[in-house]
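A closer look at the structure
Letter by letter, the chains look like this.
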Amino acid sequence: MRILQITDTHLFGNSEQALLGMNTSVSFERIISDIANDSLSADLIVATGDIAQDASEQAYLHFDAAVRKLSCPYYWIPGNHDDREVMTSLALADNPFVGDAALGNWLLIMLDTSVRGSVHGLLPESELQRLAQLLESVERNKSLQHSLIFLHHNPIQGNAGWMSDIGLHNADEFRELLARYSSVRAVVYGHIHQELDAVYDGIRYICTPSTCIQFKPGVEDFALDRKNPAYRWLELQDNGEINTWVHRLENFKIQIDERAAGY
Ligand SMILES: [Fe+2]
């Protein structure tokens, strides 16, 4: 089974608009054409939030129309720049909002960590309960053996000083819950616009670069990284292993405002 993760597209209703110097619509369209031309195909696409920068209907409709060209079902999770009400109100053919999906002997679980008006994330009690129920269902269901969790906000500390307060605020509670279930193979997210694959307290955490601007790791104050837009492949094996890699655009001219002090 093969999953494609797209994250932090930051689209505007007006496709001429740029985010810190980069036209997010142009980079997104380049990503979509790279995916369409990739020799691999996906069973499912998961978009892990910050779909829109301005939470406009037009931005979401743009995303939907572009991803639909790939002829693959997708799910989308809200990020801090999104508006869950706008995302759920759109008259789309399917409702891709949050959810869960069984794929072979894997259960994919999408979580909503968005907090209206805030940059940081939080899993409300209802989402923690849904997560626990789904993980219990994996234990009960003989045809399911592995679970993979998707959310927007980083559930482990970000690797730049300025990121100290923007992650998942109840990450400890989330990680304690995961530790009770043996089926969890990885947690996949976006939000901090960079590539990362690390094991923390026995659980694998995978972060994916944005389809537009990237954040520089290892710095104290906000800084952009001169790395190209990207997406991620995740190949899920029946035995619970995950092969994963990031595909970055090639021949892409980076235009960013390197003096930007925040986003
Ligand atoms: Fe973002």
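Residues numbered from 1 in each chain as written. Predicted model: local features only at pLDDT ≥ 70, side-chain atom pairs only at ≥ 80, totals over all residues. Heavy atoms only, no water.

Each helix and strand in the protein chain was counted, giving 5 helices and 15 strands. A compact globule built from 263 residues should have a C-alpha radius of gyration of about 18 Å, and the protein chain, at 17 Å, falls within 12% of that. Principal-axis analysis of the C-alpha atoms gives the protein chain an extent of 50 × 40 × 35 Å. Expressed as a percentage of its 263 residues, the buried residues of the protein chain come to 59%. Sequence separation of 24 or more characterises 70% of the internal contacts of the protein chain that already satisfy a separation of 6 or more. As displayed, the protein chain offers around 11,100 Å² of accessible surface, 45% of which is attributable to carbon and sulfur atoms. Charged side chains in the protein chain number 20 positive and 36 negative. The centres of these two groups are separated by 4 Å. (Helix = DSSP H or I, 4+ residues; strand = E, 2+ residues; numbered from the N terminus. Rg over C-alpha atoms; globule rule 2.2 N^0.38 Å. Buried < 20%, exposed > 50% of the residue type's maximum accessible area, 1.4 Å probe, protein only. Contact = heavy atoms within 4.5 Å. Areas by Shrake-Rupley, 256 points an atom, 1.4 Å probe, with all protein chains shown as cover. Lys, Arg positive; Asp, Glu negative; His and termini not counted. Charge placed at Lys NZ, Arg CZ, Asp CG, Glu CD.)

Among all residues save glycine, negative phi is the norm, and among peptide bonds the norm is trans. You will see that Leu20, though not glycine, has its phi angle at about 50°, which is positive. Assignment of secondary structure puts Leu20 in the loop between β2 (18-19) and β3 (22-23).

Our next topic: the packing of helix α1 (residues 24-37) against helix α2 (residues 57-68). At a minimum axis distance of 10 Å, the contact between α1 and α2 shows a crossing angle of 20°. Here α1 is positioned roughly parallel relative to α2, judged by the angle of their axes. Two packed elements cross with a definite hand, and for α1 against α2 that hand is right-handed. Note on element contacts: α2 touches α1 through His62, Phe63, Ala66 and Val67, opposite Ser25, Phe28, Glu29 and Ile32. Its residues assigned to classes, the contact of α1 with α2 shows 5 nonpolar, 2 polar and 1 charged. (Axes fitted to C-alpha atoms, helices over the stretch in contact; angles between N-to-C directions. Parallel < 35°, antiparallel > 145°, perpendicular 65-115°, else oblique. Left-handed = near helix turned anticlockwise from the far one by under 90°. Nonpolar A, V, L, I, M, F, W, Y, C, P; charged D, E, K, R; others polar.)

On to the sheet that holds strand β6 (residues 100-103). Strand order in the open sheet formed by 6 strands is β6-β7-β8-β9-β11-β10, with mixed pairing between adjacent strands. Looking at the sheet topology across the chains shown, the edges are occupied by β6 and β10 (196-200). Averaged over all pairs of adjacent strands, the angle between strand axes in this sheet comes to 20°, irrespective of strand direction. Here β10 pairs with strand β11 (residues 203-207) via 5 bridges, running antiparallel. Its bridge partner lying in β11, Asp197 is registered against Ile206. Sitting on the sheet, helix α4 (residues 125-140) touches β6, β7 (106-110), β8 (146-150) and β9 (184-189), and the angle it makes with β7 is about 180°. (Pairing = 2+ DSSP bridges.)

Attention shifts here to the pattern of salt bridges. Summed over all chains, the structure comprises 11 salt bridges. For Arg2, the salt bridge identified is with Glu235, shortest N-O distance 3.0 Å. Taken together, the residues Arg2 in strand β1 (residues 2-6) and Glu235 in strand β14 (residues 230-236) connect sequence positions 233 residues apart. Linking Arg204 and Asp197 is a salt bridge whose minimum nitrogen-to-oxygen distance equals 2.8 Å. The class of Asp197 is partly exposed, set by a relative accessible area of 42%. (Salt bridge = Lys/Arg side-chain N within 4 Å of Asp/Glu carboxyl O.)

Moving on, we get to the nonpolar core. Core analysis: the largest hydrophobic core is formed by 93 residues, its most contacted members being Phe63, Trp76, Leu108, Phe150, Phe174 and Leu178. Among the elements that take part in this core, α4 stands out by supplying 6 residues, more than any other. (Core = buried A, V, L, I, M, F, W, Y, C linked by side-chain atoms within 4.5 Å.)

Time to look at the coordination of the iron ion. The coordination sphere of the iron ion contains the protein donors Asp8 (OD), His10 (NE2), Asp50 (OD) and His193 (NE2), at a distance range of 2.1 to 2.3 Å. Its 4 donor atoms give the iron ion angles of 89 to 177° at the centre, a pattern that matches the irregular case. Along the chain, the residues donating to the iron ion fall in the pattern D-x1-H-x39-D-x142-H. Taken together, the residues span a long stretch of sequence, with Asp8 in the loop between β1 and β2 and His193 in the loop between β9 and β10 at a distance of 185 residues. We classify Asp8 as buried; its relative accessible area is 0%. You can call His193 buried: its relative accessible area is 1%. (Donors = N, O, S within 2.8 Å, 3.2 Å for Na, K, Ca; no water. Tetrahedral: all angles 85-135°; square planar, octahedral: opposite > 155°, others 65-115°.)

Under the defined criterion, the tally for this structure stands at 12 aromatic pairs. Consider the rings of Tyr60 and Trp76, whose centres lie 5.5 Å apart with planes at 75°: the pair is edge-to-face. Taken together, the positions of Tyr60 in helix α2 and Trp76 in strand β5 (residues 74-76) put the pair 16 residues apart, joining distant regions of the chain. Aromatic rings pair up to connect Phe28, Tyr60, Phe63, Tyr74 and Trp76 into one cluster. (Phe/Tyr/Trp six-rings, centres within 6.5 Å; stacked < 30°, edge-to-face > 60°.)

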